[in-house]
Every structure is written in C-alpha cells, then in structure tokens.
Amino acid sequence: MRIKSAIDRRAILKGAGIGAAAIAFPTVLVPRKTRAAVQLTVRDPGGPYEKAFTEGLYKPFNEKYKGQCEVVGVAGKHEPTSQIKAMVDTKTYTWDAALISQAAHDLLVADKYLDVLELKGTAYDEIKPEYKTPTFAGNDIYAAVIGYRTDKVKKPPKSWADLWNVKDFPGRRSLRKYPFDTIEEALMADGVPKDKVYPCDFDRAFKSLDKIKKDVALWWDQGAQSSQMIKTNEVDIIAGYNARLQAAIDEGAPVALEWNQNIAGVEGWVILKGTPRADWCRKFIALAMEAKSQAGWAPYLAYGPSNTNAFKFISPERAKVSGSFPEHASKALLIDNTFWGKEKDKAIDMFNAWMLKG
Amino acid sequence: MTTVNQMRAIHGDKVYKARPNWHAGLPLIPVFVFLALLFFFPVIQLLTLSVQTKGELSGVHYMRLFESDVYIRSLLITLKVSFYTTLICVIAAYPLAYMLATASGQTRNSLILWVLMPFWTSFLVRTFAWLVLLGRNGPINKWLQGLGLLENPLEFFNMVGTMIGMVHALMPLAVMTMLSVMETIDANLPKAAATLGARGGQAFWRIYFPLSLPGLAAGGLLVFITALGFFITPTILGGGRIMMIAQLIIEQVEQLLNWGFAGAIALLLLLTALVIFYLYDRLLGMSTLSGSGSADRSAAGGGGGMIGRGGAYVGGIFINVIGWICDRFGELVEVVRPIRPDRPRKTMSRTIMWITGITMLVFLSAPSFFVIPVSFTEGGFLEWPPEGFGTRWYDLVFDSPTWRAAGIRSFSVGVISALLAMAISVPAAFVLTRHKLKGRTIYMSLLLSPLIIPRILIAVALFYSYAYVDKFLRIGLIGSSLGLVLGHAMLAVPYVVVTVMAVLKNYDYRLDQAAWSLGANKARTLWHITFPLIRAGLLAAFLFAFVTSFDELTIALFVSGGLATTLPKQMWDDALLKVSPGLAAASTLILIFVTSMIFLAEFLRRKASKS
C-alpha cells in the first residue's frame, strides 16, 4: 500500500506538472503567429476601445487587405509617451502607430518622434482642421463635462460657475486632481468667457480654486474612480470625462451630464518615426478617418467621431452622448495644446504646490 | 537584555564565524552581476540624464527640486505615510504572527490562508473594494448608522483611508516575515526561563521578544521601503490630498517626458531612504538582521559606536520595564481571580492575543469577502449590496482567451521569476549573515535599492537595455516573457534577501557543524539540515517574490509593449472606464485557484509524511 500511494503522489505531481507545462509552453515561449505578410501593431487604450476598434477598424482593415497585411491592436498605458520615445530611440517598433491624446502628440512631435502622415486625398480631408495636424489625425473627441446625480441635486448646475456656487447648488463635489481642465474650469467659473480662457491667467485660476477648495470632498485621479464615485453616489456633482460618466448612466445610475462649457480634447492616430511599416500605417489611418469606420465603433464608445459625417450612420440617441455631436461641439472649449505645451511644466508644479498648501 | 547576551555568548556567533577570507564573498557574485546588468547599469544610465540639460552637464534639475517646496513637502508626506504604515503594520502584525507561531499545525495552516488573502486580490481591485467599503454609502458607514452609533457618515478618504489601504496591502509582508523568524525560536527557551523563576511577562519580553526581533526588523524594513513607492492607494483612498513622491515622478516621466528631472526626484528619494537605512542600522541595528547586533556589540564592549550602544542600553531598559509592568499586571489579575487547581489556567495575555489576532485576520480578509459576493452581481459596477445574482462576469472571464492566456502567463512568469530570484539571492543572504564582510551595510543598501527606485524609471531603463541586447544578440527580450521574468526576478531580490537573512539570524550553526562532524558534506548538510530548518523563511521569500511578479504592472507594460498580457495588465485595461465586477470575478477565481493549490500541496505533503 505504501509504495502504491507514493507512486500515486508522484504520478499526480508529474501529471500536474506536465499538464501545466503543456498549457503554458506554447503561450509563454512561442511568439504570436502571423498569418499575413505584414503585421501592423497599433496601440489603443484598451478596455472598451478594444471591442469598439475591433468592430469598427481592425476587422474592416483586415478584410480589405486580406493576405497582405494584418492589423493587431494592443492596449497600452494611459499616456504612453515614454514608451513611444523609448521605441523610437532604440528603433524597436513594438508598435507602428498609436492612438494618443493631442497633448501627448505635441510632446512627442516637438522631439521629432513622429512621422508625417501625408494623407491628403483620403478621408483625412473630411476632418475639421482643429482636429488634425500634419502628424496627427484626430480620431475621437472627449470632453470634460459636469455630471450630477438627478436624485440628489434638485437644481441642476448649468455652468462651471454653478459648480463653484456651493450655496445655491448644494452637494458633495469632486474635481480632477490635475491642472488640465481644472484650470480652465476655474477660470470659466470666475466669469472668464470661453474665448478668453487661453492664455490662462494662473493667478486668477488659483484664486478661483481657493474659493472651492474646502468644498471639494474628493479629488479624483484615475478615470475609473470618477465613474465609481458618481455611480455609488460618493459625490453628487463631479467634473469628469463624458465617456466615464456615461458608463455610470449606461448602468442605470440616475446621473445627467451638462454639456454647457464642456472642455473638448482630441485623441488621434500618429505614426512612430522610422517604422518600416509606415506605408501600411498610412493605409490604416486613412481607413480610420472614414465616416463608415467611425460609425462602426461609435456604438461601443461614448467619445465622438472626429469625422462628423459619421453621424449620418449613427442612431440619434447615441449621437447625443458623443463629444463631437454638433450641439455639444458648439458649446465646447477646445483645449489649446500649444498653450499647454509651453506652460505644462509650470502649471503642474503650481498645481501640486497649491494642492499641498494647507 | 543580559539574558539574551549571555545566551548569545553561549551560542557564540563569533565562534562559528570564520574570519573573512577572500572566497567568503563569492556567493555574492551572481546576485550582484545580475543586478548590475538588469538594474545598476540601466538605471545609472538613465539617472545621468538628471545631471544634464540639452546634453550638457548641469545642475538645473537639482536646483529645481528646491525652487518650490513641492518636492520636499511631498517627500515628507511620503515619509510620514510610510512611517505610520510601518508602525501600525509592525504593531498589528506581531500579535497575529505570534498567535500563528504558537497555534497548532492544523489551525496555523488554515489561518495563514487568511493572512495571504490580500495577496491574491489585485491591488486595483483591492483599492476599489476599499473605496466602496469605506464610502459614504458603503457598508461600514451603513452598519454604523444602522446601529445608531453615527448620525452622519464618517469621512474616510483622508489619512485614515490611506492608512487602512496601505496597512492592509503591506501587513501580510510583516506577518509572514515575523512568522518565519518565530518558527525558528525554540519553544523550550521561554519554558526554561519560567523554570528559572521568570513570570510570563519576563519570559516573553526578555527571552522570546529579543529572539523574534530579526523578524520585526526585517518586516518593518520591507514594509517601509515598499510603502515609499506606493501611490495609487494613497491617491484613491486619500481623497486626492495625499501626494506621494512616486506620483510626482510618474508625472514627470509620462506627462512631461522630463526624464532628467524625474531622475533627480528619484535620486532624492533614494538618498533619503539610504540615510534612513543607515540610521536604522546604527540605532536599532540591522542587529537584528545581519551578523552582530547592537546587543552583541555592547556586550562585547567594543564596536558599534555610541549610538549603537546607547540604543541597545535604552532598548534593554525598555524591555525590562515592559516585562515588569506585564508581570505586575498579571499579579493584579491573579488577586482578582486566583489560580486554583480546579479550574483551567487561562492567561489574560493569551486571550488578548487571540482577540487582536482574529481582528487582524478579519481586517485582512474583509476586501476578499466583499469581492466574492460582488463578483456575482448582475450590475456593471462594484457596489454594495450587489444587484441581483448571476454569473455574467464569470462567463465574460471564462469566454475570453485573453483572460486565460493572461492568467497562465502571470502564473508561469511568477513562478519562474521567483525561483530565479531565490537561486541568486539565497546564497547572498547566507554570506551576509554568516560572514563579517567589510562594507556589509553598503552591500545591503545596494541589494535594497531596486525597491526604492520607482518602477516607472526601472521600466524605462530596462527597455533601453533590452533593446540594446536584442540588437546585438537577437534574443528578443522585448515583447517576450523572458524579459519579464528577468525584470521581475530583479524586483524580488530585496524581498528574498531580507526575509532569508531574518530567519538565518537565529539559526544555530552548531547544527551544521554537527552534521559535518558526522560526515555529511556541505551540500547534504544544506539540503537535509539547514533548508528544512529555515523552511518557513524560504517559503515566505518565495511567496513574496511570486506576488511581486504576480501584481506587477509597469514593467509588464513597458517590456511587453502590450503583446504579452499579464493579469494586472489585463485588469488595468479593463478598468479604463470603470472597475467592472469582471475584475472581481477574475480575483475570485485566482483566490480559489491559489487556495486550492495550497490545500493540494498540504494534502500531498501530509500524505507523503504519513506513508
């Protein structure tokens, strides 16, 4: 009996070991198989984008260029500027193209890490000029808006000034712990008209922030945190990104968004300088600019298509939650990345100092 | 303190410690070569950017550190948060570890599973679990209000929430380090003290406690250094007001692409940490960790310097006083409730210890017991109470090939990197405890530094080195699991070294010598005598190394470029818009998987030992 049980134990261990190794081996050691002649790797932000872009961009592209080129989307970190810099510096093109914010683009283009797009004559021409540059093809519009709990907030706030007005609009508030958006919000709350926000008067902005500092119950940092806090009613009024707050609304939370004075930003495609597959990147980005492609991902993502022709193919209800919906776009303040490019360093230091002050 | 010193004199560390000869330090070579290639060289290269502006030598970045008070203030906040975290962790972990160490085998093994629970819930899920639990509408506030204890909900999202989150994340580290040391303490020693007339308090404080100090010191050190690098927990649970320095570094790296200045801040953090480490070494003594401690030194009457001797003297008085107080208190209790042969002898201290211990276990497992029911929700958010009951989120995780692949990769990378870290770090730990090498403090500081330099900088530095190696050797470290294994093993080195050093501190080398004298060679002695005796420490070290890899995000992101997905990365991607119950489902599956693996191992071990 004793011998038998010992064998049993060994057999089990051995079996388990071989089993685990057999499962693990192919995925761990063997690189991904490529079916097409060229594999194009593009970075997207992951999560909901993965599903949206697979439907709207990757599948159509792979069908169109079947056998010649296959595009694969991989999820990267929130602001992957360092990763792109490192890849271009070392000529290790794990990614060929990437979807990044315009602020990230400005940071990278100044140091010559991006390739020119040369997309004239494609759907790129249909994109509004403020959404693109020679190295950046705007793909989607996101917006910082006011979100509030309809079950708690009796009188809905209609502007940043209302969010700042604690007396007439009671409720726990949350703002983003970062100078971008927050500085603009503070200025507009202090009565600066939309077209006078840039260049930002930092003194005035921080004076305005001083007024609300003690009434901000929580400062959010991670996007997922803002959705969570409005869903569980940790706060009643929040300044956050439309798609994140929409995630709470889609789950049935009694939350509404106020688009007046929304602060819009653009995310777009860039090509990493020096990638040997730059021409395929161009073909991919050209396809991504088409109204049909953008309409393809819009149902899955609340950020707005940069090609407004896409609205022809999008249901009216869905169109209303998009940042680039004409009615919202007309109320928007577009982030001035040239200004931030110059002032970012200073602004972050000042903001952190202000946060740490008493 | 005399008791311990006398014991040490009998033990006589010194007798067994050979004078350093040239080959004593040889086993240090692998770990230092490994760290040189994967850490020192890449990171120093990156840090040289901090003394440059536009390619020329300059101190601009360092001047900027002191231009505004942001960096110093943030550094002070970081130190404060880390210090309090360490203090609470150590104080709370000690009774729990003691309870585990003195519990019977069976009970202990099942209780340890509870201690380890936080390890198997990804830090993202754990932090969001606390965000809900401590929320204004969270269960804790609701219960307190329901009991009529509170009128208005308590506000947790400040220093209190930060402490809860951080202590929860780091306490298992302290418990496991202390426990592995306590398991090496001979249970007969306090009994011997009792037969010589010491009451419970004296026996514990003058015999047991000093012997358990290496675990306390090691646990505290690991917790403190790990805490220095935290930023997500404090930002989310601190309501945004607790600004840790790691976050400022990340801002510089990612948002501003200013690696030079990021390097300057990192160096400020590193230097501060090393100064603290030095003072700690002088004052409390790595005494406690490596070779000769302050207690020894004062007994020998030489070395150690004023600070060390002073520290030991004060420490000795302190311990005597506590022991005395405990005994007087015990006498007082006996007056109220005299000892009688007809009723079982119960001691107050044991009851207190069990109450504290169990409370700590409940605290450690609370988020896990929140995550399990929440994973069965039909809603799309982590919420309490969960909406309805369904397996929607499990279906999602099960049906996704990415989740499966990520799970398998995370486990294999974790195991392999932990084994690698053990293979190179354990010999180093032996040398550092057994031999009086010159400059041991420097070796220790170097070995600890991978924990202090922020991960984001290590990740950037590694990418450049890997790319360079790939160019010349065509290995393909970038985008492969091999690159990940090497990086994670490097991060695990400090944990393994410190934990193994702590258990070796109490190790009686005469046992090795006895084995040698009976004809065993060094390898056999190691395998049959030393390793079995320090098994708990080796297991704890392996566990820390595994978890370091298992929960690591930044290096995984950089090195893999998103191609080779690990579990933390998959979770992070999934949490872009919101933290979905899918993450809770994945965490529950991991918890079940790991726990059943431990049970299986335990079952097989017991079966084997019976037959």
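Residues numbered from 1 in each chain as written. Chains lettered and ligands numbered in written order. Predicted model: local features only at pLDDT ≥ 70, side-chain atom pairs only at ≥ 80, totals over all residues.

Quick word on the overall build of chain A
Working step 1: Within chain A, the regular secondary structure consists of 14 helices and 12 strands.
Working step 2: Classification of the 358 residues of chain A by burial places 55% in the buried group.
Working step 3: Look at the contacts in chain A between residues 6 or more apart in sequence, and 71% of them connect residues 24 or more apart. (Helix = DSSP H or I, 4+ residues; strand = E, 2+ residues; numbered from the N terminus. Buried ≥ 20, exposed ≤ 12 C-beta atoms within 10 Å, placed from the backbone. Contact = placed C-beta atoms within 7 Å.)

Examining the overall build of chain B
Working step 1: Counting its regular elements, chain B contains 28 helices and two strands.
Working step 2: Here chain B has a C-alpha radius of gyration of 25 Å; the compact-globule value for 611 residues is 25 Å, and the two agree.
Working step 3: With respect to the principal axes defined by its C-alpha atoms, chain B has extents near 65 × 65 × 60 Å.
Working step 4: Of all 611 residues assigned to chain B, the portion counted as buried reaches 51%.
Working step 5: Taking all contacts inside chain B whose residues are at least 6 apart in sequence as the whole, residues at least 24 apart take part in 81%. (Rg over C-alpha atoms; globule rule 2.2 N^0.38 Å.)

Section: the interface of chain B and chain A
Working step 1: Contact with chain B, which involves 59 residues of that partner, is made by 56 residues of chain A.
Working step 2: Sort the elements by how many residues they give to the side of chain B that touches chain A and helix α21 (residues 455-473) of chain B lands first, with six residues.
Working step 3: A class-by-class count of the residues in the side of chain B that touches chain A yields 30 nonpolar, 16 polar and 13 charged. (Nonpolar A, V, L, I, M, F, W, Y, C, P; charged D, E, K, R; others polar.)

So, the domain arrangement of chain A
Residue and element names in this part refer to chain A.
Working step 1: Taken domain by domain, chain A holds domain 1 (38-141 + 266-330) and domain 2 (142-265 + 335-356).
Working step 2: Taking only C-alpha atoms into account, the centre of domain 1 sits 27 Å from that of domain 2.
Working step 3: With 14 residues of domain 1 at the contact, the number on the domain 2 side is 12 residues.
Working step 4: When contributions to the side of domain 1 that touches domain 2 are tallied by element, the ones reaching two or more residues are α4 (102-110), β6 (136-149) and β10 (255-272).
Working step 5: Examining the composition of the side of domain 1 that touches domain 2, we find that three residues originate from one element, α4, more than from any other.
Working step 6: Looking at side-chain class alone, the side of domain 1 that touches domain 2 contains seven nonpolar, four polar and three charged residues. (Domains from an automatic or database assignment.)

Notes on the pairing of strand β3 (residues 97-101) of chain A
All names here are of chain A.
Working step 1: Counting buried positions along β3 yields five of five residues, so the element is predominantly enclosed.
Working step 2: Because side chains alternate across β3, one face comprises the buried residues Ala97, Leu99 and Ser101, and the other comprises Ala98 and Ile100, equally buried.
Working step 3: The pairing of β3 with β10 spans five bridges and is classified as antiparallel. Directly across from Ala97, in β10, lies its bridge partner Ile271. (Pairing = 2+ DSSP bridges.)

Some points on the confidence of the model for chain A
Low pLDDT marks regions whose predicted coordinates should not be analysed in detail.
Residue and element names in this part refer to chain A.
Working step 1: Model confidence for chain A is summarised by a mean pLDDT of 87, while 90% of its residues fall at 70 or above.
Working step 2: Confidence drops under pLDDT 50 across residues 1-13; counting only partners more than four residues distant or on other chains, this segment forms seven contacts.
Working step 3: In this model, residues 21-34 is a region of pLDDT below 50 whose contacts with residues beyond four sequence positions or in other chains number 12 contacts. (pLDDT = per-residue confidence, 0-100.)

Digging into unusual backbone geometry
Working step 1: Cis geometry is adopted by the peptide bond preceding Pro199(A), which originates at Tyr198(A) and carries an omega value of -10°.
Working step 2: One can find Pro199(A) in the loop between α6 (179-189) and α7 (202-213).
Working step 3: A positive phi angle is found at Lys91(A), which is not glycine, with a value near 55°.
Working step 4: Look at Leu257(B): it is not a glycine, yet its phi comes out positive at around 55°.
Working step 5: With respect to the helices, strands and loops of the structure, Leu257(B) is situated in the loop between α13 (245-255) and α14 (259-285).

Brief notes about the environment of Lys167(A)
Working step 1: By secondary structure assignment, the location of Lys167(A) is in the loop between α5 (160-164) and β7 (173-176).
Working step 2: C-alpha separation for the pair Lys167(A) and Gln294(A), spaced 127 residues apart in sequence, amounts to 43 Å.

Focus: the packing of helix α5 (residues 70-102) of chain B against helix α17 (residues 348-374) of chain B
All names here are of chain B.
Working step 1: Where α5 meets α17, the axes come as close as 8 Å, and the angle between the chain directions of the two elements is 110°. Judged by the inter-axis angle, α5 sits roughly perpendicular to α17. The segment α5 lies against α17, with Ala92, Pro95, Leu96, Tyr98 and Met99 engaging Met353, Trp354, Thr356, Gly357, Met360 and Leu361. (Axes fitted to C-alpha atoms, helices over the stretch in contact; angles between N-to-C directions. Parallel < 35°, antiparallel > 145°, perpendicular 65-115°, else oblique.)

Overview of the pairing of strand β1 (residues 38-44) of chain A
Residues and elements named next belong to chain A.
Working step 1: Burial within β1 is extensive, with five of its seven residues counted as buried.
Working step 2: As paired strands, β1 and strand β2 (residues 69-75) are joined by seven bridges and run parallel to one another. Looking across to β2, one finds that Thr41 is bridged to Val72.
Working step 3: Between the parallel elements β1 and β2, the chain passes through helix α2 (residues 48-64) in a crossover that is right-handed.
Working step 4: Note that β1 and β3 share two bridges and pair parallel. Following the sheet pairing, Arg43 is matched in β3 by Ala98. (Right-handed = clockwise from strand over helix to strand, strands pointing away.)

A look at the environment of Gly239(B)
Working step 1: Here Gly239(B) is to be found in the loop between α12 (232-237) and α13.
Working step 2: For the pair Gly239(B) and Gly161(B), spaced 78 residues apart in sequence, the C-alpha to C-alpha distance is 8.4 Å.
Working step 3: Once residues lying within four places of it in the same chain are set aside, the contact partners of Gly239(B) are Leu218(A), Trp219(A), Phe157(B) and Asn158(B).

Re the confidence of the model for chain B
Residue and element names in this part refer to chain B.
Working step 1: In the predicted model, chain B carries a mean pLDDT of 84, and 90% of its residues have values of at least 70.
Working step 2: Across residues 1-18, confidence stays below pLDDT 50; counting only partners more than four residues off in sequence or on other chains, it has 19 contacts.
Working step 3: Across residues 290-304 the pLDDT falls below 50, and counting only partners more than four positions away or on other chains, this stretch makes 35 contacts in the model.
Working step 4: This complex was scored by the predictor with a pTM of 0.86 and an ipTM of 0.84.

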